[in-house]
Amino acid sequence: MYDHLGSPATSLGEVNVEDFRAEGVGDTDDTKAFKKAWKENCSSDTAVLVVPKDKTYNVKPITFSGPCKSDSVTLKILGKIEASDNPADYASDLSRWILFRNIQNFQVEGDQGTIDGKGEIWWENSCKINKAKPCTKAPTAVSFVQCDNLILHGLRVYNAQEMHVSIEKSANVEAFNIIVTSPETSPNTEGIHVTSSENVHIIEPVIKTGDDCISIVDGSKNVKATGVTCGPSHGISVGILEGGKPKAPVSNVLVDHATLTGTNFGVKIKTWQGGSGNVDNIVFEHVKMKGVSNPIIIDQNYCDQETACKDQDSSVQIRNVIYKDITGTSATKKNTIFNCSKTFPCRGIMLKSINLS
């Protein structure tokens, strides 16, 4: 087997999932083989794990844990990793499908392969699609938790059960050329979700999905998203999404050079009423809208639950927000909506060079 450069697909020192009897025929369970391959890879000095091309590997919920022996760890996804579409396989934990946890100096190369969450069964059983169904969680397709010095290159994630890619409690992350695709009607399928993380740079993603292209929430700081192609979707959002106990602030967020096409919302800040904490130093600049509904929004009374949210006095403080060079076309009469709290009103909001028709 040879890769696209003509060299052996598994070089000396690399670990191949097929060495551990992964079949890659699409209808057999390869989870155990992936677990064994990861154990070997994580305990080796070279720590390069390869998922071969031209194969489809069926994998149930799985956790790849560190720390690993090597100073750096690489995963090369050349083939297709496909989720089990049997909800019973997720009975022990509905929240995740593929979890990478506590892996430092980790690099994932995915530009030749794909990760398919096979989310259809989850979407059709969502209360947002079928009101007769109870509102329940569905798995996040790919999660990176406590992975410092993380590089994601060319990751392609399709049809997630719920969120596609989640970056959590991680620092120093670079995510290049991530491609996310799921139907516009798929519920809660956020593209890239960043929470409790810092020094994150998302570079030139292409995202088409049924929820936010990018969401940057609770406890995240120093996050940049540049060269974003977004839509259809619910736009790009920043905020604190849970009420109740105090939440860590969201600060120093930059969205620079983005194109949004046919999205339900544009660039938005949303915070759950009754929440606490603050959203501070947020910049949206050089953003082009093409037929976008509600291009610019701040909503301090966000509510996403079955029953109406009660009016509450407490709220997240939103301050120091810049909208600069936002141009293009709006699909709604109102280009700008600021639904700010009466008790904790928005402060320091600046709009410059806004040209929306």
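Not measured: the values here are computed from a predicted model.

**Student:** Looking at this structure, how should I read the pattern of salt bridges?
**Tutor:** Under the criterion given, the structure shown has 14 salt bridges. When the shortest N-O distance is used, the salt bridge between Lys 270 and Asp 212 registers 3.2 Å. A residue pair is termed long-range when its members are at least 10 positions apart, and Lys 270 in strand E24 (residues 267-272) and Asp 212 in the loop between strand E19 (206-208) and strand E20 (214-217) qualify at 58 residues. Residue classification places Asp 212 among the buried residues on the basis of a relative accessible area of 0%. A single salt-bridge network, built from bridges that share partners, covers Lys 80, Glu 82, Asp 85, Asp 116 and Lys 118.

**Student:** Looking at this model, I keep getting lost on a nonpolar patch on the surface. Mind explaining?
**Tutor:** On the surface, Phe 338, Leu 351 and Ile 354 cluster together to form a nonpolar patch covering roughly 220 Å² of accessible area. Structurally, the position occupied by Ile 354 is in strand E29 (residues 347-356). When its relative accessible area of 30% is taken as the criterion, Ile 354 is described as partly exposed.

**Student:** Hey, could you run me through the sheet that holds strand E26 (residues 296-302) in this one?
**Tutor:** Across a sheet, paired strands are connected by hydrogen bonds in the backbone, their directions being either parallel or antiparallel. Reading across the sheet, the ten strands line up as E5-E8-E11-E14-E17-E20-E22-E24-E26-E28 and stay open at both edges, with parallel pairing between neighbours. Single-partner strands in this sheet number two, and they are strand E5 (62-65) and strand E28 (336-339). Averaged over neighbouring strand pairs, the angle between their axes works out to 15 degrees when direction is ignored. When E24 meets E26, the two strands line up parallel, connected through five bridges. Within the sheet, the bridge partner assigned to Trp 272 lies in E26 and is Tyr 302.

**Student:** Explanation requested: the packing of aromatic side chains in the structure shown.
**Tutor:** The relative placement of two aromatic rings is captured by the distance of their centres and the angle of their planes. Throughout the structure, instances matching the rule amount to ten aromatic pairs. Between Phe 64 and Phe 100, the ring centres sit 5.0 Å apart and the planes meet at 15 degrees, which makes this aromatic pair stacked. Of this pair, Phe 64 sits in strand E5 while Phe 100 sits in strand E8 (residues 96-101), placing them 36 residues apart in sequence. The burial state of Phe 64 is the same as that of Phe 100; both residues are buried. With centroids separated by 5.3 Å and ring planes inclined at 50 degrees, the aromatic side chains of Phe 100 and Phe 106 adopt a geometry described as tilted. Of the two residues, Phe 100 and Phe 106, neither departs from the other in class, the shared state being buried. What links up through ring pairs into an aromatic cluster is the set Trp 38, Phe 64, Phe 100, Phe 106 and Phe 144.

**Student:** Honestly, the confidence of the model for the protein in this entry has me stumped. Any pointers?
**Tutor:** Any segment with low pLDDT has predicted coordinates that should not be analysed in fine detail. Across the protein, the average pLDDT comes to 92, with 92% of residues at 70 or higher. Within the model, the stretch residues 1-10 combines pLDDT values under 50 with 18 contacts to residues more than four positions away or in other chains.

**Student:** What is the right way to read unusual backbone geometry from this model?
**Tutor:** Backbone phi values are negative for most residues with the exception of glycine, while trans is the configuration of most peptide bonds. Cis peptide bonds are those with omega within 30 degrees of zero, and the linkage from Gly 66 to Pro 67 qualifies with 0 degrees. One can find Pro 67 in the loop between E5 and strand E6 (73-77). Looking along the chain, the bond that leaves Gly 231 and enters Pro 232 is cis, with omega of 0 degrees. Within the secondary structure, Pro 232 is located in the loop between strand E21 (221-230) and strand E22 (236-240). At Asn 172, a residue that is not glycine, the phi angle is positive and equals roughly 60 degrees. In this fold, Asn 172 is placed in strand E15 (residues 171-176). Positive phi, close to 60 degrees, is recorded for Asn 188, a residue that is not glycine. As for its position among the elements, Asn 188 is in the loop between strand E16 (179-181) and strand E17 (192-195). Residue classification places Asn 188 among the partly exposed residues on the basis of a relative accessible area of 21%.

The rules behind these values
Residues numbered from 1 in each chain as written. Predicted model: local features only at pLDDT ≥ 70, side-chain atom pairs only at ≥ 80, totals over all residues. Heavy atoms only, no water. Salt bridge = Lys/Arg side-chain N within 4 Å of Asp/Glu carboxyl O. Helix = DSSP H or I, 4+ residues; strand = E, 2+ residues; numbered from the N terminus. Buried < 20%, exposed > 50% of the residue type's maximum accessible area, 1.4 Å probe, protein only. Patch = residues over 30% accessible without salt bridge, like charges linked within 9 Å, V, L, I, M, F, W, Y side chains within 5 Å. Areas by Shrake-Rupley, 256 points an atom, 1.4 Å probe, with all protein chains shown as cover. Pairing = 2+ DSSP bridges. Axes fitted to C-alpha atoms, helices over the stretch in contact; angles between N-to-C directions. Phe/Tyr/Trp six-rings, centres within 6.5 Å; stacked < 30°, edge-to-face > 60°. pLDDT = per-residue confidence, 0-100. Contact = heavy atoms within 4.5 Å.

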